[in-house]
Amino acid sequence: MSDTPISTLVSQGWEIVGYSTTDASGTTYQHSVLLRRQGQHKVLVLRKKILGDGVVVDSEMDV
């Protein structure tokens, strides 16, 4: 997991290409963001923090 905000990735040159949200087992929502930079793609799965405010990157996958 990572606490790197998407705004930091965008400032590093990543472009948001797509976004979706899913109801994860009826308890919380997971948000997926597709990013692109210089022919590379990655998918970030975000979820709300268990304690405190904000979101964390639950998983990161290069595609």
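> Before we go on, may I ask you to explain the overall build of the protein in this structure?
In terms of helices and strands, the protein carries one helix and four strands. Traced from its N-terminal end to its C-terminal end, the protein shows the element sequence α-β-β-β-β. Structurally, the protein occupies a C-alpha span of about 35 × 20 × 15 Å along its principal axes. Considering the protein as a whole, with its 63 residues, one finds that 22% of them fall into the buried category. For the protein, the share of sequence-separated contacts (at least 6 apart) that also reach a separation of at least 24 residues comes to 20%. Just so you have it, the protein exposes about 4,400 Å², and 52% of that area is on carbon and sulfur atoms.

> When you look at the environment of L9 in this model, what are you seeing that I'm missing?
In this structure, L9 sits in helix α1 (residues 6-11). Overall, the relative accessible area of 11% leaves L9 in the buried class. For L9 and V56, which are 47 residues apart along the polypeptide, the C-alpha to C-alpha distance reads 14 Å.

> Even after reading the chapter, I still don't get the pattern of salt bridges, so can you show me in this structure?
Where charged atoms from two side chains of opposite charge come close, those side chains can pair. According to the stated counting rule, one finds three salt bridges in the structure shown. For K42, the salt bridge is made with E60, and the minimal N-O distance between the two is 2.8 Å. Residue K42 is found in strand β3 (residues 40-48), and its partner E60 is found in strand β4 (residues 55-62); the two are separated by 18 residues along the sequence. For D58, the salt bridge identified is with R47, shortest N-O distance 3.2 Å. In this pair, D58 is assigned in strand β4 and R47 in strand β3, connecting sequence segments eleven residues apart.

About the cut-offs
- Residues numbered from 1 in each chain as written.
- Predicted model: local features only at pLDDT ≥ 70, side-chain atom pairs only at ≥ 80, totals over all residues.
- Heavy atoms only, no water.
- Helix = DSSP H or I, 4+ residues; strand = E, 2+ residues; numbered from the N terminus.
- Buried < 20%, exposed > 50% of the residue type's maximum accessible area, 1.4 Å probe, protein only.
- Contact = heavy atoms within 4.5 Å.
- Areas by Shrake-Rupley, 256 points an atom, 1.4 Å probe, with all protein chains shown as cover.
- Salt bridge = Lys/Arg side-chain N within 4 Å of Asp/Glu carboxyl O.

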